[in-house]
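Residues per chain, in single letters:
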Amino acid sequence: MSVICNATPLINFAAINCLDILEAVFGQIIIPQAVYDETSVAGFPGSEFVLQAIASGWLQIRSVLTIAPTIPSELDDGEREAIALALETGEQRILLDEREARQVAQNLGLQVIGTLGIILLAKNREIITQVQPLLDAMMDTAQYWVSSTLYKQVLKQAGELME
């Protein structure tokens, strides 16, 4: 099984040197050219880990042939190409964090999983033992923003926060 990925989940895991979690959860991950361009530039946090993942073969780059008019131009290039690639390849699962892009993908029948969902999947599959250290590291290092309500909700779902 493979999954299509946008830049943000890749950035969040790469910034804290935890791309191996993505590989462990999904196996094969496919990114469009625009996401590669965004995440592999020198000086970008974690770009060396993205390049290592590509070199090892589990992270693959694919070019998008066409972007359907149903994918709004207001989305950024990476989001548009990731959604287009999912539709083109018939891959149902897509890793996306941005609200508007998630809505578009869901409306087009795709199953959307965000960074928080990936972390929870990793815990459920016993790939990681705790959600909080990973989430805290992403918030500190990758400047990943999570509201305090959502933060508590995720920890509660992971069984790491008692009322």
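Thresholds, definitions, all that
- Residues numbered from 1 in each chain as written.
- Predicted model: local features only at pLDDT ≥ 70, side-chain atom pairs only at ≥ 80, totals over all residues.
- Heavy atoms only, no water.
- Helix = DSSP H or I, 4+ residues; strand = E, 2+ residues; numbered from the N terminus.
- Buried < 20%, exposed > 50% of the residue type's maximum accessible area, 1.4 Å probe, protein only.
- Contact = heavy atoms within 4.5 Å.
- Axes fitted to C-alpha atoms, helices over the stretch in contact; angles between N-to-C directions.
- Parallel < 35°, antiparallel > 145°, perpendicular 65-115°, else oblique.
- Left-handed = near helix turned anticlockwise from the far one by under 90°.
- Nonpolar A, V, L, I, M, F, W, Y, C, P; charged D, E, K, R; others polar.
- Pairing = 2+ DSSP bridges.
- 1 Å grid on protein atoms, 1.4 Å probe; cavity = no way out; pocket = protein on both sides within 12 Å on 5 of 7 lines; lining within 4 Å.
- Points joined across faces, edges and corners; volume = space filled by probe spheres on them.
- Patch = residues over 30% accessible without salt bridge, like charges linked within 9 Å, V, L, I, M, F, W, Y side chains within 5 Å.
- Areas by Shrake-Rupley, 256 points an atom, 1.4 Å probe, with all protein chains shown as cover.
- Salt bridge = Lys/Arg side-chain N within 4 Å of Asp/Glu carboxyl O.
- Lys, Arg positive; Asp, Glu negative; His and termini not counted.
- Charge placed at Lys NZ, Arg CZ, Asp CG, Glu CD.
- Arc of directions from axis to C-beta.

A. Expanded view of the overall build of the chain. Counting its secondary structure elements, the chain contains nine helices and five strands. If you list the helices and strands of the chain from N to C, you get β-α-α-β-α-α-β-α-β-α-β-α-α-α. Reported as C-alpha extents along the three principal axes, the dimensions of the chain are approximately 50 × 35 × 30 Å. By residue count, 50% of the 163 residues in the chain fall in the buried class. The long-range fraction of contacts in the chain, counting pairs at least 24 apart against all pairs at least 6 apart in sequence, stands at 61%.

B. Representation of the packing of helix H8 (residues 132–141) against helix H9 (residues 148–157) in the model. Relative orientation of the contacting elements H8 and H9 amounts to 155°, with a least axis distance of 11 Å. The orientation of H8 relative to H9 falls into the category roughly antiparallel. As H8 packs across H9, the resulting crossing turns out to be right-handed. Contacts between H8 and H9 involve Gln132, Leu135, Asp136 and Met139 on the former and, on the latter, Tyr151, Val154 and Leu155. Its residues assigned to classes, the contact of H8 with H9 shows five nonpolar, one polar and one charged.

C. Representation of the sheet that holds strand S4 (residues 93–95) in the model. Reading across the sheet, the five strands line up as S3-S2-S1-S4-S5 and stay open at both edges, with parallel pairing between neighbours. Here the strands that pair on one side only, and so sit at the sheet edges, are strand S3 (59–62) and strand S5 (111–113). Each adjacent strand pair in this sheet contributes to an overall mean axis angle of 35°, direction not counted. Looking at chain direction, strand S1 (residues 2–5) and S4 are connected through two bridges and run parallel. Bridge pairing in S4 places Cys5 opposite Leu95. Packed onto the sheet, helix H1 (residues 7–15) meets S1, strand S2 (28–32), S3 and S4 and runs at close to 95° relative to S1.

D. A look at unusual backbone geometry. Positive phi is not limited to glycine here, since Asn17 has a value of about 55°. Counting through the fold element by element, Asn17 comes out in the loop between H1 and helix H2 (19–26). In this structure, Glu126 is a non-glycine residue whose phi angle is positive, near 60°. Mapped onto the elements of the fold, Glu126 is located in the loop between helix H7 (115–124) and H8. Taking relative accessible area as the criterion, Glu126 reaches 71% and is therefore assigned exposed.

E. Spatial organisation of the layout of surface pockets. Approximately 410 Å³ is the volume attributed to the largest pocket. Every residue lining the largest pocket is counted, 14 residues in all, and those nearest its centre are Asp97, Arg99, Tyr144, Trp145 and Leu150. Taken together, the elements giving at least two residues each to the lining of the largest pocket come down to helix H6 (99–107) and H7. In terms of residues, the lining of the largest pocket owes the most to one element, H7, which gives three residues.

F. Seen up close, a negative patch on the surface. Negative charge collects at one region of the surface, where Asp37, Glu38, Asp76 and Asp77 lie side by side. As for its placement among the helices and strands, Glu38 is situated in helix H3 (residues 33–39). Overall, the relative accessible area of 30% leaves Glu38 in the partly exposed class.

G. Local environment of H2. Those residues of H2 that sit buried are Leu19, Ile21, Leu22, Val25 and Phe26. Along the axis of H2, the buried residues cluster in a sector spanning 150°; they form a single face. A positive backbone phi angle near 75° is found at Gly27, which sits one or two residues after H2.

H. A look at the pairing of S1. Covered by surrounding structure in S1 are Ser2 and Ile4 together with Val3 and Cys5, the residues of both alternating faces. Pairing of S1 with S2 involves three bridges; the strand directions are parallel. For Ile4, the partnering residue across the bridge sits in S2 and is Ile30.

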